[in-house]
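# Breakdown of the fold
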Amino acid sequence: MLFMPYAIKKMNSNFKAEIAIIGGTGLYQLEGFKELERQKLMTRWGEPSSELILSRYKGKEVIFLTRHGTQHNIPPHKVNYRANLWALKECGVKEVIAVAAVGGITDMMSPETIVIPDQIIDYTSDRKHTYFDDELEHVTHIDFTEPYSNKLRKQLLVAAGNAVDRGTYAVMQGPRLESAAEIKKLKQDGADIVGMTGMPEASLAREIEIDYACCALSVNWAAGCAGTIKIEHKEMQKIVDKGMLQINSILKKAIDT
Ligand code: HPA
């Protein structure tokens, strides 16, 4: 590894886990997991979005981190993705399950559908998207042909039972939602779902050799899809609340395999 991070607090050597969950909109804590300890970390890339919570489920340790902060006050373009992934790496994490609320574009991605995407198109800009930035010994180009870990994807699919297997996640800069014309273009590009946080999270994980997969919940039809005239926040919220309970139980099953 090229860079040495540092922790503000001297890290407790028991604060370790091989698997981590990054919670997105609507998932701010893990239900049914036993909380063991919390740590506020600092990395050379800055501060992670929230404290890291070390939890246990059926004898397995898991670290939980909320991407948008516990008060949901960090918008997608302001998330310090580098600090988040780096802090997890510091704690020995080898696998990350990322949870995300997304908009559905193609027919199978109706609201309430859970999808385990297999591809990404990155439309974001102006995000700190790489660890290979400066002080380099040599230039590194990671392979990103398959952005998600197939092993983790399969684990999630088995745990979910009825999730959609595969889908291309278009990652937009946000924080605004898209115009209908933008969604039409994304569909022509081959996108099935649209969200704002899938990148650079996935590629940063790859850069530091963390296996990464995404468990996405469609919470609305994307702009202009299925006759959508306006995306109603209230409707989205209802689906988030219900869907995240379902995702919480999928996470438990996936951890327990
Ligand atoms: N667009 C972008 N991000 C989203 C959406 C959407 O329609 N729904 C949830 N996150």
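To keep things clear, this report deals only with the structure shown in the data block. (Residues numbered from 1 in each chain as written. Predicted model: local features only at pLDDT ≥ 70, side-chain atom pairs only at ≥ 80, totals over all residues. Heavy atoms only, no water.)

A count of helical and extended segments in the chain gives five helices and eleven strands. What you see for the chain is a C-alpha radius of gyration of 17 Å, in line with the 18 Å of a compact globule of 257 residues. In terms of overall dimensions, the chain has C-alpha extents of about 55 × 45 × 30 Å along its principal axes. By residue count, 53% of the 257 residues in the chain fall in the buried class. (Helix = DSSP H or I, 4+ residues; strand = E, 2+ residues; numbered from the N terminus. Rg over C-alpha atoms; globule rule 2.2 N^0.38 Å. Buried < 20%, exposed > 50% of the residue type's maximum accessible area, 1.4 Å probe, protein only.)

What follows is about the site of the ligand. By nearness alone, every residue bordering the ligand is listed as Ala101, Val102, Gly103, Leu177, Glu178, Val194, Gly195, Met196, Val219, Asn220 and Met236. At a separation of 3.3 Å, a nitrogen atom of the ligand approaches a polar backbone atom of Gly103. Glu178 has a polar side-chain atom sitting 2.7 Å from a nitrogen atom of the ligand. Considered on its own, the ligand offers 260 Å² of accessible surface; in the complex 94% of this is hidden by protein. (Near = heavy atom within 4 Å. Polar contact = N/O pair within 3.5 Å; in protein donor to acceptor, adjacent residues only side chain to side chain. Areas by Shrake-Rupley, 256 points an atom, 1.4 Å probe, with all protein chains shown as cover.)

To continue, consider the nonpolar core. Counting residues in each nonpolar core, the largest one holds 42 residues, and the members touching the most others are Leu52, Ile63, Leu85, Leu88, Val96 and Tyr169. Breaking this core down by element, the ones donating at least two residues are strand E1 (19-23), strand E3 (52-57), strand E4 (60-66), helix H1 (81-90), strand E5 (95-104), strand E9 (168-171), helix H4 (201-207) and strand E11 (211-221). In terms of residue count, H1 provides more of this core than any other element does, six residues in total. One finds Ile19, Ile53, Leu152 and Ile250 within the second-largest nonpolar core, a separate group that totals 32 residues. (Core = buried A, V, L, I, M, F, W, Y, C linked by side-chain atoms within 4.5 Å.)

Tallied over the full model, the rule gives five aromatic pairs. Seen in terms of ring centroids, Tyr148 and Tyr212 are 6.1 Å apart; in terms of plane orientation they differ by 15°. Their pairing is stacked. With Tyr148 in the loop between strand E7 (119-122) and helix H2 (150-160) and Tyr212 in strand E11, this pair connects stretches of sequence that are 64 residues apart. On the basis of relative accessible area, Tyr212 is assigned to the buried category, the value being 3%. Ring-pair connections join several aromatic residues into one group, and the members of that group are Trp45, Trp86 and Tyr131. Above the face of the Trp45 ring, Arg44 is positioned so that its terminal group lies 4.4 Å from the ring centre. (Phe/Tyr/Trp six-rings, centres within 6.5 Å; stacked < 30°, edge-to-face > 60°. Lys NZ or Arg CZ within 6 Å of the ring centre and 35° of its normal.)

Tracing the backbone through its elements, the reader meets Ser218 in strand E11. Ser218 sits in the buried class, given a relative accessible area of 1%. Within the local environment of Ser218, its side chain forms a polar contact with the backbone oxygen of Met109, the two atoms lying 2.9 Å apart. A distance of 3.4 Å separates a polar atom in the side chain of Ser218 from the backbone oxygen of Ser110. Dropping the residues within four chain positions of it, Ser218 is found in contact with Val102, Gly103, Gly104, Met109, Ser110, Pro111, Glu112, Thr113 and Ile239. (Contact = heavy atoms within 4.5 Å.)

Looking at the element boundaries, Thr124 is found in the loop between E7 and H2. Classification of Thr124 as buried rests on a relative accessible area of 18%. When sequence neighbours within four positions are dropped, the list of residues in contact with Thr124 reads Val171, Met172, Gln173 and Met199.

On to the packing of H2 against helix H5 (residues 233-255), then. If you want to describe how two helices pack, look at the angle between their axes and the distance between the axes. Between H2 and H5, the least distance of the axes is 8 Å, while the angle of their chain directions is 120°. When the axis of H2 is compared with that of H5, the two are oblique. The handedness of the crossing between H2 and H5 comes out as right-handed. Counted together, Gln155, Leu156, Ala159 and Ala160 of H2 and Ile250, Lys253 and Ala254 of H5 form the full contact between these two elements. (Axes fitted to C-alpha atoms, helices over the stretch in contact; angles between N-to-C directions. Parallel < 35°, antiparallel > 145°, perpendicular 65-115°, else oblique. Left-handed = near helix turned anticlockwise from the far one by under 90°.)

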